[in-house]
Amino acid sequence: MTLKRRTMLQGGLAAPALLSAASRKAMAQDRTRVIRSVPIGDLRALDPIWTTAYITRNAGFMVWDTLFGLDSQFRAQPQMAEGHTLSDDRRVYTITLRQGLTFHDGSPVRGADCVASIKRWAVRDAIGQKLATLVDEYRVLDDRRFEIRLKEPFALTLFALGKPASNVCFIMPERVAATDANSQIRPEDVIGSGPFRFQRDEWNPGARAVWTRNPDYQPRSEPADWVSGGKRANFERIEWHIIPDAATASAALQSGEVDWWETPLADLFPVLRRDRNIVLEQMNPLGEIGILRFNHLHPPFDNPAIRRALAMAMNQADYMQAIVGDDAALWKHAGFFTPGTPMATETGLEALKGPRDIEAAKRALAAAGYNGERVVLIAATDIPITNAQSQVTAQVLRQLGMNLDYVATDWGTVVQRRASREPVERGGWNLFHTWWAGFDHANPAAHLSIRGNGTGPGSWFGWPTSPRLEELREAWFVAPSEAEQARICEEMQTVALRDLPYVPTGQFFIPFAFRRDVTGILKGPMPLFWNVARS
């Protein structure tokens, strides 16, 4: 970023108004009814099973509910479930639904809906795929009860059904859950039983998405805690305003045209902190993990030696400073498991955080056989996190003399294009940047990025093949102790550094920015719109 741009942002120069004068007057009259937020990016994909995109997952939590929800201690608590029983041999879970649950179209939530939803989710989700291999039978007992009958005990069953990590096991109507998991559901099928209803007629990709309070939703009586407990909708209307330009988003927050900015630009922290009407607060103690994802199907990154040569030139400090600025308290070096969690290890991390040697990386690249192949980096410029990482990688690729094709686009386009397995000559890709909540990389269970299952069922974009990573992941699930699980993760990190399914760019912490009169925002790995009120 140039000094001119940085100076403009920190000086808080006027940006185009989000709303007209008439709209601002109307907004002042309905502040108790409406909350307006600037999300992480544009909402283009609506199916949280088809994609792992956080923007879609976050939208999904407003529409759909889950059988169980994790609390802040990572314990699975009943949500749509009234409760469950577990057989003496720990292989049969009998789950009973709460009375009176209905979908937004008025139809009752039934055991058959739950079974169909679990089956579809298990095709795409990392831990769901493991659960699916252990299921002997799903059995619907009646409209409110169903069984999950396992071949052997699986202690993470309820955790899997309640985790907030993508993909989330949202419960959909049976007819919607019948959609092939590798195809997107239709916009008219965004029907859940959650606290808000999606307003399809007001959805304008690139501009706005709207949800309204579900008057039939009956929240649980327990206090809200992470994604568990009572989900109380205090606003009649949730509006997401898509504002890619950070200066415009900042100006809208300062003027009160929006109430909440999910991912403020680090350059703007000082000007936001100077405003008495704005609060900056870190809500996610595990932070976020940045990654560079390779396409392992096509040259040049189907060659692990070329992947390693590029990693030799990547400096995590450069990436983290590009995202959060010069405040060292806002980032940490990271390996393949989230720092500060039991599975994190320092083994081999010197390969990621030691001194960078561009000339040595060039020699390694030549020795690996790089021959000038085009490298298509699809860069989402409308999200500061991905934009910053992409610019750093582009500079590294140029320094290495690689044939860079930098495709600057929006996140919605990246989400669509990264699903393509075609070569770059037919619209494919080689690299993209994204990030994961630290919770998602805390252990191998929900860690999609570290999978080595190639193009097999449920594989994630990039499609790396690493039989040893898959073997170790399976061993982790049945390890007899946390110490043994940690030892397995240590070996997984060693193998990952060799095979490089992706490159971690570091752990970072970005606070929410919101108006001071907005209260009740829950701590957790995502923005949650229940429990939020205005003082």
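(A) Broad picture of the overall build of the protein. Along the protein, the regular secondary structure elements total 17 helices and 21 strands. Relative to the compact-globule value of 24 Å for 535 residues, the protein shows a C-alpha radius of gyration of 23 Å, a close match. Seen through its principal axes, the protein has C-alpha atoms that stretch 65 × 65 × 45 Å. When burial is assessed residue by residue, the protein has 60% of its 535 residues classed as buried. A separation of at least 24 residues holds for 74% of the contacts in the protein among residues at least 6 apart in sequence. With 61 positive and 60 negative side-chain charges, the protein shows a spacing of 3 Å between the two charge centroids.

(B) Structural view of the layout of surface pockets. Each pocket or cavity is described by its volume, and for the second largest pocket that value is around 450 Å³. Taken together, 19 residues form the lining of the second largest pocket, with Leu-156, Met-343, Asn-443, Trp-476 and Gln-485 sitting closest to its centre. Of all the secondary-structure elements, those providing two or more residues to the lining of the second largest pocket are α16 (467–478) and α17 (482–499). Within the lining of the second largest pocket, the residues separate by chemical class into 14 nonpolar, three polar and two charged.

(C) Main features of α17. An ideal rise of 1.5 Å per residue puts 26 Å on 18 residues; α17 measures up with 25 Å between its terminal C-alpha atoms. Buried positions along α17 lie against α10 (304–313), α12 (350–353) and α16. Following α17 by one or two positions, Leu-500 has its phi on the positive side, about 50 degrees.

(D) Looking closely at the nonpolar core. Leu-67, Trp-121, Ile-148, Leu-161, Trp-211, Trp-240 and Leu-310 are the most contacted members of the largest nonpolar core, which totals 160 residues. Element by element, the count of residues in this core is highest for helix α14 (residues 384–400), at seven residues. Residues Ala-252, Leu-253, Leu-265 and Leu-272 belong to the second largest nonpolar core, which totals 14 residues.

(E) Local environment of the pairing of strand β9 (residues 208–213). Here strand β8 (residues 196–198) pairs with β9 via three bridges, running antiparallel. Its bridge partner being in β9, Phe-196 is matched across the sheet by Arg-213.

(F) Representation of the packing of α10 against helix α13 (residues 358–367). For the pair α10 and α13, the least separation of the axes is 8 Å and the interaxial angle reads 175 degrees. In terms of their interaxial angle, α10 and α13 are classed as roughly antiparallel. Here Ile-306, Ala-309, Met-312 and Ala-313 of α10 lie close against α13, whose contacting residues are Ile-358, Ala-360, Ala-361, Ala-364 and Leu-365. When grouped by side-chain class, the residues that make up the contact of α10 with α13 number nine nonpolar, no polar and no charged.

(G) Seen up close, the sheet that holds strand β11 (residues 260–261). Overall, mixed pairing links the seven strands, which are arranged β8-β9-β10-β1-β11-β19-β12 in an open sheet. For this open sheet the edge positions go to β8 and β12 (278–281), each flanked by a neighbour on one side alone. Both β12 and strand β19 (residues 512–515) contribute to a ladder of four bridges, which runs antiparallel. Directly across from Leu-280, in β19, lies its bridge partner Ala-513. Sitting on the sheet, helix α3 (residues 54–63) touches β8, β9 and β10 (237–241), and the angle it makes with β10 is about 170 degrees.

(H) Seen up close, the environment of Asp-245. Relative to the helices and strands, Asp-245 is located in the loop between β10 and α8 (246–255). Of note is the side chain of Asp-245, whose polar atom sits 2.8 Å from the side chain of Thr-248.

(I) Representation of the environment of Ala-361 in the model. Note on placement: Ala-361 falls in helix α13. Counting along the chain gives 55 residues from Ala-361 to Ile-306, while the straight-line C-alpha distance between them is 9.5 Å. Residues contacting Ala-361, with those up to four places away along its chain left out, are Ala-309, Met-312, Ala-313 and Leu-400.

(J) Main features of the packing of helix α4 (residues 111–124) against helix α5 (residues 126–134). Contact pair α4 / α5: the axes reach a minimum separation of 6 Å and the direction vectors enclose 115 degrees. The angle between the axes of α4 and α5 places the two elements in the roughly perpendicular class. Read as a crossing pair, α4 and α5 show a hand that is left-handed. In this structure, α4 contributes Trp-121, Ala-122, Val-123 and Arg-124 to the contact, and α5 contributes Ala-126, Ile-127, Gly-128, Gln-129, Leu-131 and Ala-132.

The rules behind these values
Residues numbered from 1 in each chain as written. Predicted model: local features only at pLDDT ≥ 70, side-chain atom pairs only at ≥ 80, totals over all residues. Heavy atoms only, no water. Helix = DSSP H or I, 4+ residues; strand = E, 2+ residues; numbered from the N terminus. Rg over C-alpha atoms; globule rule 2.2 N^0.38 Å. Buried < 20%, exposed > 50% of the residue type's maximum accessible area, 1.4 Å probe, protein only. Contact = heavy atoms within 4.5 Å. Lys, Arg positive; Asp, Glu negative; His and termini not counted. Charge placed at Lys NZ, Arg CZ, Asp CG, Glu CD. 1 Å grid on protein atoms, 1.4 Å probe; cavity = no way out; pocket = protein on both sides within 12 Å on 5 of 7 lines; lining within 4 Å. Points joined across faces, edges and corners; volume = space filled by probe spheres on them. Nonpolar A, V, L, I, M, F, W, Y, C, P; charged D, E, K, R; others polar. Expected span 1.5 Å × (residues − 1). Core = buried A, V, L, I, M, F, W, Y, C linked by side-chain atoms within 4.5 Å. Pairing = 2+ DSSP bridges. Axes fitted to C-alpha atoms, helices over the stretch in contact; angles between N-to-C directions. Parallel < 35°, antiparallel > 145°, perpendicular 65-115°, else oblique. Polar contact = N/O pair within 3.5 Å; in protein donor to acceptor, adjacent residues only side chain to side chain. Left-handed = near helix turned anticlockwise from the far one by under 90°.

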